[in-house]
Protein chains: 2
Amino acid sequence: MLNERSITVSQDCAECPIRHRAVCARCESDELERLEEIKYYRKFEAGQTVIWSGDRMDFVGSVVSGIATLTQTMEDGRTQMVGLLLPSDFVGRPGRASAAYDVVATTDLVMCCFRKSPFEEMMRQTPHIAQRLLEMTLDELDAAREWMLVLGRKTAREKIASLLSIIARRDASINMRAASSTVTFDLPLTREAMADYLGLTLETVSRQVSALKKDGVIELEGKRHVTVPDMTRLLDEAGDDSDGGMFA
Amino acid sequence: MLNERSITVSQDCAECPIRHRAVCARCESDELERLEEIKYYRKFEAGQTVIWSGDRMDFVGSVVSGIATLTQTMEDGRTQMVGLLLPSDFVGRPGRASAAYDVVATTDLVMCCFRKSPFEEMMRQTPHIAQRLLEMTLDELDAAREWMLVLGRKTAREKIASLLSIIARRDASINMRAASSTVTFDLPLTREAMADYLGLTLETVSRQVSALKKDGVIELEGKRHVTVPDMTRLLDEAGDDSDGGMFA
DNA sequence: CGGTACTCTTGATCTGGGTCAATGTTCCAA
DNA sequence: TTGGAACATTGACCCAGATCAAGAGTACCG
């Protein structure tokens, strides 16, 4: 969830490099071969549900392209997004039979899945897979805790700025114009999804986005295309301590 | 953080059983011996800081007795607790040099620590330690995400009830009177600490605790000693879906 | 085209929880 | 036994964000 995971695409595993790197950092050939045997792809359209909370989940996997969300819902319908799954992020829990959250594709989505029991077996035999997974899980835990601060203590404006910062930062490597701090990206979420992530209502999200626009912190082209003329300013609005250790 | 970790005390590692079980579920004798070599104890008084966010952290460890909190603070002083460390909970991150959060003892605290680099070395050599740690980290991640729902979507009253539920549940095995759903425990946190955990102010915490008392959901003896006459009622107030999968 | 179904924006009003302030309760130390 | 420090309660008032309501784009389909 929202970590910077310096995934370098390896030449040796051409077909599905991101997942292999995500699962097995060292990418040794025999392991890759074994992973190859138990893997398969699944595609989803924007809006489709990958899995419902409580359903049997007999695979683990990672996002190849597109974006998915992890959400929890209370009986009365209040929902909270608890994770945003971006390419290379891992889903599923070795050693648990059913899904703990709803996983929904917010854009068209391709996932690379591994059948769970052979994957678990392989994890038992291949120590550094468990170590890699531990590393990734610790990153997610940090991200979740960072988000607890956002949810518990930030104002609506700071929340929006925080969300925009992470999305911007993750696209930064791709879109940042050299020597400038200008960043441009497309919002992969509706106002409602943003609200669910931030613990706000969609009206408040809309108002605060408008306010940030009016104040020149961001520029909007259409509803979804965002330009941040000055990232420093945005980070400042987010209330992050300078550098923005957020999601690092 | 707040997971039920069915730690059974093993006879073979009498001196410091909880940590060994926490770190190494299978508890084989040669590994225990190696852990023994690199472990040491640290004691803290209530209120002492174990480590400040950003400080070099050259150990990992787990809580033997007492309670510690994990908190983040913004420059302007707003603070959010992101974890509650109870006996058997693990602290520290293999592969990271500095602490990400302030760790503070809220009661007298004993920790069992392992020097980080030999521990990491051992983890490399002993696969199931990494697997055990992965399991624990996944539990913590679930707990953190569960808490995101509390912070983002629950009302003040529900937040208080949620917090009381977890504390009650964790003490349940010890204090629950057979065949009754009555639970009694001491709050290990000040009103302010509760507020920091719940994303509220201490005044609101105080008011809601009083309200739950007035409505007969809880009984108070002094400020800290709580009796829950009917756990079902409390869980209901917390808005948890029936069973209370929370922190399970 | 015109319709209908989303998604988003904006306004008006209400309210839960924050803020400010005063008072209570323990408990310890002088 | 009294003073003070830390923790807790309670009241009065206020405001950020929720709620309710009315449009405005935008896109797709018959």
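Quantities reported herein were computed from a predicted structural model and do not represent experimental measurements.

**Notes on the packing of aromatic side chains**
All names here are of chain B.
Here comes step 1: The tally for this structure, following the rule as stated, stands at six aromatic pairs over all chains.
Here comes step 2: A ring pair is formed by Phe 90 and Phe 119, whose centres lie 6.2 Å apart and whose planes are at 35°; its orientation type is tilted. Of this pair, Phe 90 sits in strand 6 (residues 90–91) while Phe 119 sits in helix 3 (residues 116–125), placing them 29 residues apart in sequence. Of the two residues, Phe 90 and Phe 119, both sit in the buried class.
Here comes step 3: Seen from their ring centres, Trp 147 and Tyr 197 are 4.4 Å apart, and the 20° between their planes marks the pair as stacked. Of this pair, Trp 147 sits in helix 4 (residues 127–153) while Tyr 197 sits in helix 6 (residues 191–198), and the two are 50 residues apart along the sequence.

**With respect to the protein's contact with DNA strand D**
Here comes step 1: Taken together, 17 residues lie around DNA strand D, and Ala 156, Thr 204 and Arg 207 of chain A together with Arg 191 and Ser 206 of chain B are the ones closest in.
Here comes step 2: At the protein interface, 63% of the atoms of DNA strand D within 4 Å belong to sugar or phosphate.
Here comes step 3: Side-chain polar atom of Thr 204 of chain A to a phosphate oxygen of DNA strand D: 2.4 Å apart, as the coordinates give it.
Here comes step 4: Within the side chain of Ser 206 of chain B, a nitrogen or oxygen atom sits 2.8 Å from a phosphate oxygen of DNA strand D.
Here comes step 5: Put simply, the parts of the chain that give the surface near DNA strand D at least two residues each are helix 7 (202–214) of chain A together with helix 7 (202–214) of chain B.
Here comes step 6: If one sorts the elements of the surface near DNA strand D by residue count, helix 7 of chain B sits on top with five residues.
Here comes step 7: Taken together, the residues that form the surface near DNA strand D break down as three nonpolar, seven polar and seven charged.

Parameters at a glance
Note on numbering: residues in each chain are counted from 1, in written sequence order. A letter from A marks each chain and a number from 1 marks each ligand, given out in the order of writing. Where local features are concerned, this predicted model is filtered to residues with pLDDT of at least 70; where side-chain atom pairs are given and counted, the filter is 80 or more; whole-chain, interface and lining totals use all residues. Side-chain numbers here rest on the full set of heavy atoms in the structure, without hydrogens or water. Two rings from Phe, Tyr or Trp (for Trp, the six-membered ring) form a pair when their centres are within 6.5 Å of each other. A pair whose planes differ by under 30 degrees is stacked, one over 60 is edge-to-face, and the rest are tilted. Numbered from the N terminus, helices here are DSSP runs of H or I no shorter than four residues, and strands are runs of E no shorter than two. Exposure classes here rest on a 1.4 Å probe applied to the protein chains alone. A residue is buried below 20% of its type maximum, exposed above 50%, and partly exposed in between. Here, proximity means that at least one heavy atom of the residue falls within 4 Å of the molecule or strand. N or O atoms within 3.5 Å of each other form a polar contact, as long as, within protein, one can give a hydrogen and the other can take it, and as long as residues adjacent in sequence are counted only when both atoms are side-chain atoms. We call Asp, Glu, Lys and Arg charged. Ala, Val, Leu, Ile, Met, Phe, Trp, Tyr, Cys and Pro are nonpolar, and the rest, Gly among them, are polar.

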